Amino acid sequence: MARQADVLAQVQRMVDEALADTRRALAGTDTPITCPTRPGCWGCCRGHVDVHASEVAAIGPLVPPPAWARVVALVGKLYRVRSEGEFQQLLTTAICPLLDPGSGTCTVYEARPLACRAYAVVTPVDDCYPERVGPRQVATPAAIFAAVGTAQAILGGGARPALQPLPMALLSWREEQ
């Protein structure tokens, strides 16, 4: 049986390739992928990201101390909310604790979750920053989400994988180490 790290590397490549294929397919159309995917572009680095245990095992060792402090702070806020609605609102709007606020870069970019790898926007990039332009609907190509679904099924051994919100999964992983 393949090691979990090898399977994760395989599905990461699969999602990266699906994004590259979609980017090529949409280039020159009226809906090209507008995500620059460069350091400093962090508009999508917020919200609810579910991860598989193998993703957390790859990400956890790379998290720098300042990011751990942000993870702990966010989980603390999530546990202090008083309703499911408030919990979901905070979870879906919080800026990722793995984002370096000074540089606007991901502190674990090479091991970033599948959901983050697959993020691609076909609407104006400014729509990714509601603090600049107000709330807007951001559109992403369905083909990429299909690749993530397939990747998650592979990680789950063909069954629906057990996924957990990123901040809670990281904190659980850290406590187990």
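The structure displayed is predicted, hence computed values, not measured ones. (Residues numbered from 1 in each chain as written. Predicted model: local features only at pLDDT ≥ 70, side-chain atom pairs only at ≥ 80, totals over all residues. Heavy atoms only, no water.)

1. Here we look at the overall build of the protein
The cut-off we apply is this: By definition, any uninterrupted DSSP run of H or I lasting at least four residues is a helix, any uninterrupted run of E lasting at least two residues is a strand, and each is numbered from the N terminus. Relative accessibility thresholds used throughout: buried, under 20% of the residue-type maximum; exposed, over 50%; partly exposed, between the two (1.4 Å probe, protein chains only). Whether two residues touch is decided by their heavy atoms; if any such pair falls within 4.5 Å, the residues are in contact. All accessibility values rest on the Shrake-Rupley procedure with a 1.4 Å probe; residue burial counts only the protein chains present in the view.
The number of helices and strands found in the protein is eight helices and four strands. Secondary structure elements of the protein occur, N-terminal to C-terminal, as α-β-α-α-α-β-β-α-α-α-β-α. Within the span of the protein, comprising 177 residues, buried residues form 39% of the whole. Looking at the protein alone, contacts between residues at least 24 apart form 77% of all its contacts between residues at least 6 apart. Accessible area for the protein stands at about 9700 Å²; split by element, carbon and sulfur atoms hold 57% of it.

2. Observations concerning the packing of helix 3 (residues 65-80) against helix 8 (residues 166-176)
How we decide: Geometry is summarised by axes, namely lines fitted to C-alpha atoms with helices restricted to the contacting stretch, and by angles between N-to-C directions that run from 0 to 180 degrees. Each crossing gets its handedness from the near helix: less than a right angle anticlockwise from the far helix is left-handed, clockwise is right-handed. Under this grouping Gly is polar, as are all residues other than the nonpolar Ala, Val, Leu, Ile, Met, Phe, Trp, Tyr, Cys and Pro and the charged Asp, Glu, Lys and Arg.
Running from N to C, helix 3 and helix 8 cross one another at 115°; their axes reach a closest spacing of 9 Å. The handedness of the crossing between helix 3 and helix 8 is left-handed. Contact residues: Trp 68, Val 71, Val 72, Leu 74, Val 75, Leu 78 and Tyr 79 in helix 3; Pro 167, Met 168, Leu 170, Leu 171, Trp 173 and Arg 174 in helix 8. Each residue belonging to the contact of helix 3 with helix 8 can be placed in one class, and the counts come to 12 nonpolar, no polar and one charged.

3. Description of helix 7 (residues 142-155)
Using the following cut-off: Here a helix's expected span is defined as the number of its residues, less one, multiplied by 1.5 Å. When we speak of the arc, we mean the arc of directions from the helix axis to the C-beta atoms.
In this model, helix 7 (14 residues) spans 20 Å end to end at C-alpha, consistent with the 20 Å of a helix rising 1.5 Å per residue. Taken as a whole, helix 7 has its buried residues at Ile 144, Ala 147, Val 148, Ala 151, Gln 152 and Leu 155. Projected down its long axis, helix 7 shows its buried positions confined to an angular sector of 135°, all on one face. Along its buried surface, helix 7 packs onto helix 1 (4-26), strand 1 (50-52), helix 2 (53-59), helix 5 (114-117) and strand 4 (163-165). Downstream of helix 7 by a residue or two, Gly 157 has a phi angle that is positive, lying close to 70°.

4. Some points on the confidence of the model for the protein
Which entries qualify depends on this criterion: pLDDT is defined as a per-residue confidence score from the predictor, taking values between 0 and 100.
Per-residue pLDDT for the protein has a mean of 83; in total, 89% of the residues score no lower than 70. When pLDDT is averaged over each helix and strand of the protein, the minimum, 70, is found for helix 6 (residues 130-133) and the maximum, 94, for helix 2.

5. With respect to the nonpolar core
In summary, soluble globular proteins display a tendency toward joint burial of nonpolar side chains. Stated precisely, the cut-off is as follows: Residues belong to one nonpolar core when they are buried, are Ala, Val, Leu, Ile, Met, Phe, Trp, Tyr or Cys, and are joined through side-chain atoms within 4.5 Å.
If you look at the biggest cluster of nonpolar residues, it comprises 21 residues, and the most contacted ones within it are Val 11, Val 15, Ile 33, Leu 114, Ile 144 and Leu 155. Mapped by element, the contributors of at least two residues to this core are helix 1 and helix 7. Ranked by residues supplied to this core, first place goes to helix 1 with six residues. If you look at the next biggest cluster of nonpolar residues, it comprises 17 residues, including Val 63, Ala 67, Val 75 and Leu 98.

6. Comments concerning the packing of aromatic side chains
Just so we agree on the cut-off: Here a Phe, Tyr or Trp ring, Trp counted by its six-membered ring, pairs with any other such ring whose centre lies within 6.5 Å, and the pair is stacked when the planes are under 30 degrees apart, edge-to-face when over 60, and tilted otherwise. A ring is considered to have a charge above it if a Lys NZ or an Arg CZ atom is located within 6 Å of its centre and within 35 degrees of its normal.
Here the structure, examined in full by the defined rule, presents one aromatic pair. Taking 6.2 Å as the distance between ring centres and 5° as the angle between the ring planes, the aromatic pair formed by Trp 68 and Trp 173 counts as stacked. Of this pair, Trp 68 sits in helix 3 while Trp 173 sits in helix 8, and the two are 105 residues apart along the sequence. You can call Trp 68 buried: its relative accessible area is 8%. Directly above the ring of Tyr 109 sits Arg 112, whose terminal nitrogen or CZ lies 3.9 Å from the centroid.

7. Brief notes about the side chain of Gln 152
Its location among the elements puts Gln 152 in helix 7. With near-sequence residues (within four places) excluded, Gln 152 lies in contact with Leu 114, Pro 161 and Leu 163.

8. Comments concerning helix 1
Given a rise of 1.5 Å per residue, 23 residues ought to cover 33 Å, and the 33 Å separating the end C-alpha atoms of helix 1 matches this to within 8%. Buried residues belonging to helix 1 abut helix 2, helix 5 and helix 7. Trailing helix 1 by a residue or two, Gly 28 shows a phi angle of about 80°, which is positive.

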